[in-house]
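# Secondary and tertiary structure notes
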Amino acid sequence: MNKRNTHRRTTTLLATAALLTLVLNSEVNAATRDETISVVDMDKLQWKDYPGLPGVTFTVVDGDPSKPGIYTIRAKFAPRTMSQPHWHPEARYVTVIRGTWWTGAGAKFDPENTVPVKTGGFSVHTAKEIHYDGAKEEEVIVQISGIGPSGTVPVNSDGTDKK
C-alpha cells in the first residue's frame, strides 16, 4: 500500500470514528443521562492497578468497558513501562493527555521501533491488530475510548494468542 492510500485510509478511518463516536455518544447519553451536561471531576476518580501490567494504573471516566456501549478510561504508565504485544477485540481511540506515548505494531516486541505520540496527539488501535505501547523516560497518561465489551489478549512472539 503506498503512502497516499495509507493516508487516505487513515483519514477515512478517523473521520468515520469521530462521526460514529458523536452519533453513538449522543444516543447513549440521551438514553442514560438525567442531566443535560455531565461533568467528571478527575480528582475524585479512583486509580486502580491495571491487571497483569505492573506500572500501569487506570480509572474509568465514563461507561463500563466490560459491558456493551461506549466507554472512556484513562491509563497512567510509569516511566519505562510498556505493554507486551497484545490485541483488543474492539477499536480503541487514544488521546495523549500527558507525556509522550510510544506505540509499535506486530508480535515482535521492539521498543526501539516505536512511534512517538506527543501530548495532545491521537492514535487509533484497529480492532484485532497486534500492538504494544507505553512510556519510555517519562510518566504518560492516555485517554482511551471504545465500544465495549473491551478486552486485552496477550500474544506470543509468533502472533498466536497466549493461553
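Computed from a prediction, not measured in an experiment: that's the story for all the values here.

### Comments concerning the nonpolar core
Ranked by size, the top nonpolar core spans 14 residues in total, and within it Ala75, Phe77, Trp101, Val140, Val142 and Ile144 carry the most contacts. Mapped onto this core, the elements with two or more residues apiece are β3 (69-77), β5 (92-98) and β10 (140-148). Per element, the largest residue contribution to this core is 4 residues, and it comes from β3. For Trp101, the contacting residues outside a window of four places in its chain are Phe77, Val94, Val96, Val115, Pro116, Val117, Ser123, His125, Asp133, Gly134, Val140 and Val142.

### As for the layout of surface pockets
In this structure, the largest pocket encloses a volume near 600 Å³. The wall of the largest pocket is formed by 30 residues, among which Tyr50, Leu53, His88, Arg92 and Thr152 lie closest to the centre. Contributing elements (two or more residues each) for the lining of the largest pocket: β2 (56-62), β3, β5 and β9 (131-135). Ranked by the residues each element gives to the lining of the largest pocket, the list is headed by β3, at 4 residues. A per-class count over the lining of the largest pocket returns 16 nonpolar, 11 polar and 3 charged. Considering the residues around the second largest pocket, the lining is formed by 15 residues, among which Thr103, Gly104, Ala105, Val124 and His125 are closest to the centre. Listing elements by their share of the lining of the second largest pocket, those giving two or more residues are β6 (101-105), β7 (115-117), β8 (122-125) and β9. Top contributing element to the lining of the second largest pocket by residue count: β8, with 4 residues. Here the lining of the second largest pocket is built from residues that sort into 7 nonpolar, 7 polar and 1 charged.

### Thoughts on the packing of aromatic side chains
All chains considered together, the criterion is met by 2 aromatic pairs. Measuring from centroid to centroid gives 5.6 Å for Tyr50 and Phe58, while their planes differ by 75 degrees, and the two rings are edge-to-face. Judged by relative accessible area, Phe58 falls into the buried class, the value being 18%. For the pair Phe109 and Tyr132, a centre-to-centre distance of 5.3 Å together with 70 degrees between the ring planes defines the contact as edge-to-face. Here Tyr132 lies in strand β9 and Phe109 lies in the loop between β6 and β7, a separation of 23 residues in the sequence. Directly above the ring of Trp47 sits Lys76, whose terminal nitrogen or CZ lies 4.4 Å from the centroid. Positioned over the ring face of Trp102 is Lys136, at 4.0 Å from the centre of the ring.

Cut-offs applied
Residues numbered from 1 in each chain as written. Predicted model: local features only at pLDDT ≥ 70, side-chain atom pairs only at ≥ 80, totals over all residues. Heavy atoms only, no water. Core = buried A, V, L, I, M, F, W, Y, C linked by side-chain atoms within 4.5 Å. Buried < 20%, exposed > 50% of the residue type's maximum accessible area, 1.4 Å probe, protein only. Helix = DSSP H or I, 4+ residues; strand = E, 2+ residues; numbered from the N terminus. Contact = heavy atoms within 4.5 Å. 1 Å grid on protein atoms, 1.4 Å probe; cavity = no way out; pocket = protein on both sides within 12 Å on 5 of 7 lines; lining within 4 Å. Points joined across faces, edges and corners; volume = space filled by probe spheres on them. Nonpolar A, V, L, I, M, F, W, Y, C, P; charged D, E, K, R; others polar. Phe/Tyr/Trp six-rings, centres within 6.5 Å; stacked < 30°, edge-to-face > 60°. Lys NZ or Arg CZ within 6 Å of the ring centre and 35° of its normal.

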